[in-house]
Amino acid sequence: MKRARPGKVTVLAGGVGAARLLRGLAAVVPARDLTVVVNTGDDDVFHGLHVSPDIDTILYTLAGLSDPGRGWGLRGDTFHAIDALARYGRETWFRLGDRDLATHLYRTTERAAGRRLSTITEAQTRALGVGVRILPMSDDPVRTVIETARGRLSFQEYLVRERARPSVRAIRYHGVRKARPAPGVLPAIRNARVLIVAPSNPFVSIAPILGVPGVRDALRRAAAPVIAVSPLIGGRPVKGPADRMMRSLGMRPDPVHLAGLYSDLLDGLVLDDTDARFLPALEARRIRAATTNTLMKTPARSTAVAQEVLHLAHAVATAPAS
Ligand code: FO1
């Protein structure tokens, strides 16, 4: 079936879930029409190297280089260097792969030479043959910090070292109020025909992006429909602690509460078939909703979910005003 070109599509994205949706969007939207605004609140420095995990995950996935099992890092990578560091007594819970190191070495040395993260990311995107535009949300540092029952943890300490076990009391985004959107971010939101919130953790992937001054407002004012894909399937995310975070913060992990987090900007929500019982509650809140199998285990499922999102966006954009 031939589909009309949706025009420019801009996606707000975290890591693995977003990358799986983007793999599908890249199959149905010409690369020149696709822009991704990526969370950098997860960024951190390990062994002196600047790591941008969400940018890496999206870059590697769109380049066809990602490890399908883990979702992060490079397929077939080895971990000799990080294991060798352990012999010097260094902490090695954050596993930097041997080939992955090249990405972080390049980013770190370019930053030391005064280049911005957005410029570096553009060069890396081109070098890996990716045609999609990948924009960090900001060139200024923003760091997500998790206040837990066991004290204050950086995001990677909380997620990877502590395996998201400590209960979450609050989430802070250091630096976000002073951060400026990276060049191209606001125009990509204003000029989009479709705006998509990827199936990413609402608190640690999407909230930092929306927290960059000007971004949330640009989405609210955008002419394009804003469609989110729920990261929850039957109350649980495919990966990560979104459900536990929602509970810790007093919310039920369901699509209605998820939509509530975006209520000022959301027009439509794609949710999993398992959660179809929430459709009436969403429609009652004036959110157009559609269900499909959102578990994007294969490229074909990614494409199907991407098509469902574009279909819903088209339905929202062409619906008579009520
Ligand atoms: N996630 C893990 O669970 N364990 C790791 O050791 C790990 C290493 C890593 C190295 C580079 C990179 O770009 C990502 C990496 N991730 C790792 C993924 C990352 O921690 C998270 O998936 C994201 O921050 C969440 O969006």
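Bear in mind the structure is a predicted one, so any value in this text is a computation, not a measurement.

### Concerning the overall build of the chain
Argument step 1. Assigned secondary structure in the chain consists of 13 helices and 14 strands.
Argument step 2. Over its C-alpha atoms the chain spans a radius of gyration of 19 Å, differing by no more than 12% from the 20 Å that the globule rule assigns to 322 residues.
Argument step 3. In terms of principal-axis extent, the alpha carbons of the chain reach across some 65 × 45 × 40 Å.
Argument step 4. A buried classification covers 53% of the 322 residues belonging to the chain.

### Describing the nonpolar core
One broad trend across soluble globular proteins is that nonpolar side chains are buried collectively.
Argument step 1. Leu219, Tyr262 and Leu269 are the most contacted members of the largest nonpolar core, which has 49 residues in total.
Argument step 2. Counting residues per element, this core draws most heavily on helix 8 (residues 202-211), at five residues.
Argument step 3. Every residue in contact with leucine 269, bar those within four places of it in the chain, is listed here: Ala228, Val229, Ser230, Pro255, Leu258, Ala259, Leu282, Ile287, Arg288, Ala289, Ala290 and Leu312.
Argument step 4. Listed in part, the 35 residues of the second largest apolar core include Ala13, Ile55, Ile134 and Val229.

### A short note on the site of the ligand
Argument step 1. The environment of the ligand is made up of 16 residues, and the closest members are Asp42, Asp54, Asp56, Arg95 and Gln156.
Argument step 2. A distance of 2.8 Å separates an oxygen atom of the ligand from a polar side-chain atom of aspartate 42.
Argument step 3. At a separation of 3.2 Å, a nitrogen atom of the ligand approaches a polar side-chain atom of tryptophan 72.
Argument step 4. Its free accessible area being 540 Å², the ligand has 89% of it covered by the protein chains.
Argument step 5. Counting residues per element, the ones that place at least two in the shell around the ligand are helix 2 (53-62) and helix 6 (155-161).
Argument step 6. Of the residues forming the shell around the ligand, the biggest block, four residues, is contributed by helix 6.
Argument step 7. Partitioned by chemical class, the residues of the shell around the ligand number nine nonpolar, one polar and six charged.

### Overview of the sheet that holds strand 2 (residues 34-38)
Backbone-to-backbone hydrogen bonds pair the strands of a sheet. The strands run either parallel or antiparallel.
Argument step 1. Taken in spatial order, the seven strands make up an open sheet running 5-2-1-9-10-13-14, and their pairing is parallel. Looking along the sheet, the strands with just one partner apiece sit at the ends: strand 5 (133-136) and strand 14 (288-292). With direction set aside, neighbouring strand axes in the sheet form an average angle of 20°.
Argument step 2. By the bridge criterion, three bridges tie strand 10 (residues 226-229) to strand 13 (residues 268-272) in an arrangement that is parallel. Across the sheet, isoleucine 227 pairs through a bridge with glycine 268, a residue of strand 13.

### Concerning helix 8
Argument step 1. Within helix 8, eight of the 10 residues are buried, leaving the element largely enclosed by the surrounding structure.
Argument step 2. Inspection of helix 8 places Pro202, Phe203, Val204, Ser205, Ile206, Pro208, Ile209 and Leu210 among the buried residues, and these make up the whole buried set.
Argument step 3. Measuring from the side-chain oxygen of the N-cap residue of helix 8 to the backbone nitrogen of phenylalanine 203 gives 2.8 Å; that N-cap residue is asparagine 201.

### Considering the packing of aromatic side chains
Argument step 1. Per the stated rule, a full pass over the model turns up four aromatic pairs.
Argument step 2. Here phenylalanine 46 and tryptophan 93 contribute two aromatic rings whose centre-to-centre distance is 5.7 Å and whose plane-to-plane angle is 85°, an arrangement assigned as edge-to-face. Highlighted residues: phenylalanine 46 in strand 3 (residues 44-46) and tryptophan 93 in the loop between helix 3 (80-86) and helix 4 (100-112), separated in sequence by 47 residues.
Argument step 3. Note on tryptophan 93: relative accessible area 22%, which makes it partly exposed.
Argument step 4. On the numbers, 6.2 Å between centres and 80° between planes, the contact of tryptophan 93 with phenylalanine 94 is edge-to-face.
Argument step 5. Put simply, the rings of Phe46, Trp93 and Phe94 pair up and form one aromatic cluster.
Argument step 6. Here arginine 70 stacks its cationic end above the ring of tryptophan 72, 4.6 Å away from the centre of that ring.

### Concerning helix 5 (residues 117-127)
Argument step 1. Among all positions in helix 5, only Leu117, Ser118, Ile120, Thr121, Gln124 and Thr125 are buried. Seen end-on, helix 5 carries its buried residues on one side only, within an arc spanning 160°. In helix 5, those exposed residues whose orientation departs by more than 90 degrees from the buried face are Arg126 and Ala127.
Argument step 2. On its buried side, helix 5 packs onto strand 4 (49-51), helix 2, helix 4 and strand 5.
Argument step 3. At the C-terminal side of helix 5, glycine 129 shows a positive phi close to 75°.

### Some thoughts on the sheet that holds strand 6 (residues 143-148)
Argument step 1. The three strands lie next to each other as 7-6-8, forming an open sheet whose pairing is antiparallel. Lying at the two open borders of the sheet, with one neighbouring strand each, are strand 7 (151-154) and strand 8 (168-174). When the angles between neighbouring strand axes are averaged without regard to direction, this sheet yields 25°.
Argument step 2. Two elements, strand 6 and strand 8, share six bridges in a ladder whose sense is antiparallel.

### Examining the pairing of strand 14
Argument step 1. Summarising the sheet, strand 13 and strand 14 pair through five bridges and their orientation is parallel. Counterpart to valine 270 in the pairing with strand 14 is alanine 290.
Argument step 2. Handedness of the crossover joining strand 13 and strand 14 through helix 12 (residues 279-284) is recorded here as right-handed.

The rules behind these values
Residues numbered from 1 in each chain as written. Predicted model: local features only at pLDDT ≥ 70, side-chain atom pairs only at ≥ 80, totals over all residues. Heavy atoms only, no water. Helix = DSSP H or I, 4+ residues; strand = E, 2+ residues; numbered from the N terminus. Rg over C-alpha atoms; globule rule 2.2 N^0.38 Å. Buried < 20%, exposed > 50% of the residue type's maximum accessible area, 1.4 Å probe, protein only. Core = buried A, V, L, I, M, F, W, Y, C linked by side-chain atoms within 4.5 Å. Contact = heavy atoms within 4.5 Å. Near = heavy atom within 4 Å. Polar contact = N/O pair within 3.5 Å; in protein donor to acceptor, adjacent residues only side chain to side chain. Areas by Shrake-Rupley, 256 points an atom, 1.4 Å probe, with all protein chains shown as cover. Nonpolar A, V, L, I, M, F, W, Y, C, P; charged D, E, K, R; others polar. Pairing = 2+ DSSP bridges. Axes fitted to C-alpha atoms, helices over the stretch in contact; angles between N-to-C directions. Phe/Tyr/Trp six-rings, centres within 6.5 Å; stacked < 30°, edge-to-face > 60°. Lys NZ or Arg CZ within 6 Å of the ring centre and 35° of its normal. Arc of directions from axis to C-beta. Right-handed = clockwise from strand over helix to strand, strands pointing away.

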